[in-house]
Every structure is written in C-alpha cells, then in structure tokens.
Amino acid sequence: MASPTPVEDAIKQKITAALQPTTLEIYNDSHLHAHHKPMQGVTSTETHFRLVITSEAFQKKMQPARHRLVYSLLKDELAQEGGIHALQLRTMTPEEEAKRRAQEAEAE
Amino acid sequence: MFSRTILSRVGMSTFLATGPKTNPVLQAVRQTAFSSIRPATAPIKPSPFLLSLAAQRRLLSDAVRQAIDKAVGSAPVVLFMKGTPETPQCGFSRASIQVLGLQGVDPEKFAAYNVLEDSELRQGIKEYSDWPTIPQLYVDKEFIGGCDIIVSMHQNGELAKLLEEKKVLAAEAEGQAEGEKKE
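Rules and cut-offs
Residues numbered from 1 in each chain as written. Chains lettered and ligands numbered in written order. Predicted model: local features only at pLDDT ≥ 70, side-chain atom pairs only at ≥ 80, totals over all residues. Heavy atoms only, no water. Helix = DSSP H or I, 4+ residues; strand = E, 2+ residues; numbered from the N terminus. Buried < 20%, exposed > 50% of the residue type's maximum accessible area, 1.4 Å probe, protein only. Contact = heavy atoms within 4.5 Å. Phe/Tyr/Trp six-rings, centres within 6.5 Å; stacked < 30°, edge-to-face > 60°. Lys NZ or Arg CZ within 6 Å of the ring centre and 35° of its normal. Axes fitted to C-alpha atoms, helices over the stretch in contact; angles between N-to-C directions. Parallel < 35°, antiparallel > 145°, perpendicular 65-115°, else oblique. Nonpolar A, V, L, I, M, F, W, Y, C, P; charged D, E, K, R; others polar. Pairing = 2+ DSSP bridges. Left-handed = near helix turned anticlockwise from the far one by under 90°. Buried area = accessible area lost by both parts, 1.4 Å probe. Salt bridge = Lys/Arg side-chain N within 4 Å of Asp/Glu carboxyl O. pLDDT = per-residue confidence, 0-100.

Novice: What should I look at first to understand the overall build of chain B in this one?
Specialist: Scanning chain B from terminus to terminus reveals eight helices and five strands. The order of helices and strands in chain B, counted from the N terminus, is β-α-α-α-β-α-β-α-β-β-α-α-α. The 183 residues of chain B split such that 46% are buried. The long-range fraction of contacts in chain B, counting pairs at least 24 apart against all pairs at least 6 apart in sequence, stands at 68%.

If you want it as structure tokens, here you go:
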C-alpha cells in the first residue's frame, strides 16, 4: 500500500462501511506520545488515535456497547504488533450530537 | 488472600505485599496466573500448568478467569490500570484515577490493579471484559467502561449518580482524613 497512513485509511474505510456515520473525525495524536515508554522501538507513526463518531448505529446502545462495536471493527488494527496502541472514542447518535452542539453554542 | 499482592489502594503504599496464607491452589494461581511481568517468550520455569496455558493461549484459562473474578469482586470500585494510583504509568489511567479522586470514592471501597505487573492479567482482563484497552472500571462487579466513558460520565453527572447509588463515596470528614493520608 502506497498510502502513508494505512491505519487511518483502514479506520476510515471500516467505520464508514459498517456505521455509515454522519460525522467521522479522525485525529492522529501519535506524535504526542512518540516518546513514552511503550512506544520504544515502535516505528509506526499511527499508534494513538482519537475518533469522534456520530451514527444511527449507536441508537439504543449504552456507551460500552458503542465502544465495543468500534473496537470490534478495528480488532485487527488493535491486535497488530505496533498497531493501534490507544484509541479514544466519542460516540454519539445524531440527536446527541445536535444536543451537544446546542449546548456548546449556548456556552459561547 | 492472594489478590492483595497486586492490590493497591488509594492512599496506601504501592504494594500490600503481605504473604498470603499458603493455600496450594491459590499459590498455583498466583504464580502462574498473576506472576510478575516477564518476557512472554521466556517463562521462568516451565511447569505443566504453564505449558497447558501456552497450548490454550488464546482462551482465557479458568485459573486466570477465577483470579480476575476475585479481583473484580475484591472491592465495590475496582480499576484495572497501568501503574499505581500514586504513580500511574499512562495518561488515561492517570485521568481515570483523578476522576475517581474528584468524585470522592472512599479509599476503603476501592482497589486498583496494576496490569503492568502481570502479563497474564494484562492480556486476561482484555478478554474477560471484552475490552481491548486499559484502564477498565468495575463498580459492584459490573463493567462500566474505559477512560473516555469514565470522563464523559464524570462530566455529565452519571458517574456521581452511580457512585452515590452504590454508596461508595467517602463521608465528608472521612474524605479529608483520607486526603491527608494520601499525601
């Protein structure tokens, strides 16, 4: 694969296919963690990700179930040696996202 | 009880390394299931038990499952983390401990397990909880979530509600006394 970001590509492709998200933000925070101990000897620049996902698929699911759903989609990337080391998740339904945006607007 | 060897309570020294009463079964579990961290490729002493563990590497062994069951039930609030409450070895574990501290969880009702001390625990807890990352929070033996869930429940008030319902918060005065000990 010629892509410089194979892991990010895989995240985008798998989550888009399975969850049809209305929002999908992928942040690669790996550079912030490159020097901490578990990263010694790891050459990948795609180890720490933060995802914001809004999807109807999360409807009627508690947070742990939503996270498990995402983890299961990215099982291979998480299990791989030198793969994803940390994965932060914010998982919302479209209603929850709208509510959050309204609250944020109010706070400003 | 064997689990005390890997138990660390908020406000107490890192290890409560009391020698457990010698119970052959627990002893075996402790040595094989929760031994100190070691290179995965070089077990210290290959015992028949370890060899059988290796054979079923992918499956959570009964011994490890029982050991984790015991750990999960060892206190009303249990956190599996990297490092200790005093010196977390990972930002997400640190954030989780801070939230539990801010919430005022009673140290007497809290236990933390350092997965970095034991590779069997580190792998086993992921399968046990069906959750690939550390930290992991249990309240009354029920899986609550990882760092992101802990933080968001902290922010939206759900965590305070849960901890109050479960009666695991320190009383005001007690909280101060514990706070002194903690430092």
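Novice: Can you walk me through the packing of aromatic side chains in this structure?
Specialist: Geometry of an aromatic ring pair is reported as the spacing of the ring centres plus the angle between the planes. Applying the stated rule across the entire model yields six aromatic pairs over all chains. With 4.8 Å between their ring centres and 55 degrees between their planes, B:Trp131 and B:Phe143 make a pair best called tilted. Taken together, the residues span a long stretch of sequence, with B:Trp131 in the loop between α5 (119–129) and β4 (136–139) and B:Phe143 in strand β5 (residues 142–145) at a distance of 12 residues. Residue classification places B:Trp131 among the buried residues on the basis of a relative accessible area of 1%. Pairwise contacts between aromatic rings join A:Tyr71, B:Phe80, B:Tyr113, B:Tyr128, B:Trp131, B:Tyr138 and B:Phe143 into one cluster. A:Arg50 extends its terminal NZ or CZ atom over the ring of A:Tyr27, reaching a point 4.3 Å from the ring centre.

Novice: Would you mind going over the packing of helix α6 (residues 147–156) of chain B against helix α7 (residues 158–165) of chain B with me for this structure?
Specialist: For any two helices packed against each other, one specifies the inter-axial angle together with the distance between the axes. All names here are of chain B. Running from N to C, α6 and α7 point in directions that differ by 90 degrees, and their axes come no closer than 5 Å. The orientation of α6 relative to α7 falls into the category roughly perpendicular. For the pair α6 and α7, contact is made by Ile150, Met153, His154 and Asn156 and by Glu158, Leu159 and Leu162, respectively. Partitioned by chemical class, the residues of the contact of α6 with α7 number four nonpolar, two polar and one charged.

Novice: Honestly, the sheet that holds strand β1 (residues 23–28) of chain A in this entry has me stumped. Any pointers?
Specialist: Within a sheet, adjacent strands bond to each other through the backbone by hydrogen bonds, running parallel or antiparallel. Residues and elements named next belong to chain A. The strand order β1-β2-β3 describes an open sheet built from three strands, whose pairing is mixed. On the outer flanks of this sheet lie β1 and β3 (86–92), each paired with one strand and no other. Here the strands of the sheet are splayed against their neighbours by 10 degrees on average, with no regard to which way each runs. Pairing of β1 with strand β2 (residues 48–54), which is carried by six bridges, proceeds in the antiparallel orientation. Along β2, the bridge assignment pairs Ile26 with Leu51.

Novice: Even after reading the chapter, I still don't get the packing of helix α1 (residues 6–19) of chain A against helix α3 (residues 63–73) of chain A, so can you show me in this structure?
Specialist: Residues and elements named next belong to chain A. Packing of α1 against α3 brings their axes to within 10 Å, and their N-to-C directions diverge by 125 degrees. In terms of axis orientation, α1 runs oblique to α3. Pair α1 / α3 crosses with right-handed handedness. Across from Lys14, Ile15, Ala18 and Leu19 in α1, the residues of α3 making contact are Leu69, Val70 and Leu73. Looking at side-chain class alone, the contact of α1 with α3 contains six nonpolar, no polar and one charged residues.

Novice: What's the story with the side chain of A:Ser55 in this structure? I'm lost.
Specialist: All names here are of chain A. Within the secondary structure, Ser55 sits in the loop between β2 and α3. The class for Ser55 is buried, based on a relative accessible area of 0%. Apart from the residues within four sequence positions on either side, Ser55 is in contact with Leu19, Pro21, Met92, Thr93 and Pro94.

Novice: What is the right way to look at the interface of chain A and chain B in this model?
Specialist: Reports often express the size of an interface as the amount of accessible area lost when the parts come together. Contact residues are listed per partner, giving 11 residues for chain A and 11 residues for chain B. When the two sides are added together, the surface that chain A and chain B hide from each other amounts to roughly 1100 Å², 64% of it contributed by carbon and sulfur. Across the chain A-chain B interface, the total number found is one salt bridge. Ionic pairing is found between A:Arg68 and B:Asp130, a salt bridge with its closest N-O pair at 3.7 Å. Only α3 and β3 of chain A provide two or more residues apiece to the side of chain A that touches chain B. No other element matches the five residues that α3(A) contributes to the side of chain A that touches chain B.

Novice: Quick question: what am I supposed to make of the confidence of the model for chain B here?
Specialist: In regions of low pLDDT, the predicted coordinates are not meant to be interpreted in detail. Of the residues in chain B, 62% have a pLDDT of 70 or more, and the chain-wide mean is 75. Between residues 173–183 of chain B, whose pLDDT stays under 50, and residues either more than four places distant or in other chains, the model counts seven contacts.

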